[in-house]
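# Observations on chain architecture
Each chain is listed here by its residues.
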Amino acid sequence: MTDASVAPLDTARAWEVVLQHIEGELISGALRPGDHLPAERALAAELRVGRSSVREAIRVLEVLGLIRTQSGSGPQSGAIIIARPSGGLAALVRLQVAAHGFAVRDVVKTRLVLESAVVTELAENPAAELSAARELLDAMEAVPAADAPATSRDEFLTLDQAFHLALAAASGNEVMAAMMGGLRDSVEAYVRVGASFLPSWETTSARLKTEHRGIVAAIDDGDAELARTRIREHIERYHAETDVSGIHAHTP
């Protein structure tokens, strides 16, 4: 049997276009710490996307600790760059994904290694700041699940992915965060493909919410072993439930 692989998405979602544009500006040095991002309306017009897509990209960048947003009209208002991406490594991984695609089973194994290490570091660090991750959990729980249209499912999965990236960023390990960020396209591709084949999105999304809360609870309790167990079960159960490797293997 040919190895299943996750190829890059044929058509990037609008918020990803915005995210990739801003990341490119950060990596190239066109945007530097202390700079303001262009106004929401200007970015939307430049990239020909909706303003909601700009807001989604900015929310992900804020979760990753690259920008800070503040309301008001003073010099510190708006979206301000506060850090550069840990760029070279993340960009290299992302280029590899774009050029070759990765076997789904290898993506899953890599997630297990990286995310187990992430939750271990978080559980062993009482000062770990998880407010961004908690906000994303609250946002996920506000997304309607019963008979949800594809747009609602996509919104949930966008927040889900941002949650996992927020945990990596909160760990303080820049290498792990960069690798998670670089694998984002690959991880997101198999998660979204699998979701479209689930028998009941309502059932699965409810379980995912419970599992997310359980992972954070184990971290809060400083129980690294339980946190590792829960993150492994979380990833492995979704992969088994969706059988995305089989989907890709039988897709022409």
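Figured I'd write up the structure that's included with this text. Values in this document were obtained by computation on a predicted structure and should not be read as measured data.

It is the contact of helix 10 (residues 201–220) with helix 11 (residues 224–242), at a shortest axis distance of 8 Å, that shows an interaxial angle of 160 degrees. Overall, the two elements helix 10 and helix 11 adopt an arrangement that is roughly antiparallel. The element helix 10 and its partner helix 11 pack so that their crossing is left-handed. For the pair formed by helix 10 and helix 11, the contact residues are Thr204, Arg207, Leu208, Glu211, His212, Gly214, Ile215, Ala217, Ala218 and Ile219 on the first element and Leu226, Ala227, Arg230, Ile231, His234, Arg237, Tyr238 and Glu241 on the second. Taken together, the residues of the contact of helix 10 with helix 11 break down into nine nonpolar, four polar and five charged.

On to helix 1 (residues 14–28). For helix 1, spanning 15 residues, the distance from its first C-alpha to its last is 21 Å, which sits close to the expected 21 Å at 1.5 Å a residue. Among all positions in helix 1, only Trp15, Glu16, Val18, Leu19, Ile22, Glu23 and Leu26 are buried. Along the axis of helix 1, the buried positions cluster into a sector of 155 degrees, meaning they face one direction only. Two residues or fewer past helix 1, Gly29 is found with a positive phi of approximately 95 degrees.

With 62 residues, the main nonpolar core has Ile22, Leu37, Ile67, Phe163, Leu167, Tyr190 and Ile219 as its most contacted residues. Looking at this core element by element, the count peaks at nine residues for helix 7 (residues 150–170).

Throughout the structure, instances matching the rule amount to nine salt bridges. Of the charged contacts, one joins Arg213 and Asp138 as a salt bridge, the two residues approaching to 2.7 Å between their closest N and O atoms. Linking Arg213 in helix 10 with Asp138 in helix 6 (residues 131–141), this pair joins segments that are 75 residues apart in sequence. Assessed through its relative accessible area of 44%, Asp138 is described here as partly exposed. With its nearest N and O atoms 2.4 Å apart, the salt bridge here joins Arg237 to Glu211. Here the residue Arg237 occupies a position in helix 11, and Glu211 occupies one in helix 10, the gap between them amounting to 26 residues.

Criteria and thresholds
- Residues numbered from 1 in each chain as written.
- Predicted model: local features only at pLDDT ≥ 70, side-chain atom pairs only at ≥ 80, totals over all residues.
- Heavy atoms only, no water.
- Axes fitted to C-alpha atoms, helices over the stretch in contact; angles between N-to-C directions.
- Helix = DSSP H or I, 4+ residues; strand = E, 2+ residues; numbered from the N terminus.
- Parallel < 35°, antiparallel > 145°, perpendicular 65-115°, else oblique.
- Left-handed = near helix turned anticlockwise from the far one by under 90°.
- Contact = heavy atoms within 4.5 Å.
- Nonpolar A, V, L, I, M, F, W, Y, C, P; charged D, E, K, R; others polar.
- Expected span 1.5 Å × (residues − 1).
- Buried < 20%, exposed > 50% of the residue type's maximum accessible area, 1.4 Å probe, protein only.
- Arc of directions from axis to C-beta.
- Core = buried A, V, L, I, M, F, W, Y, C linked by side-chain atoms within 4.5 Å.
- Salt bridge = Lys/Arg side-chain N within 4 Å of Asp/Glu carboxyl O.

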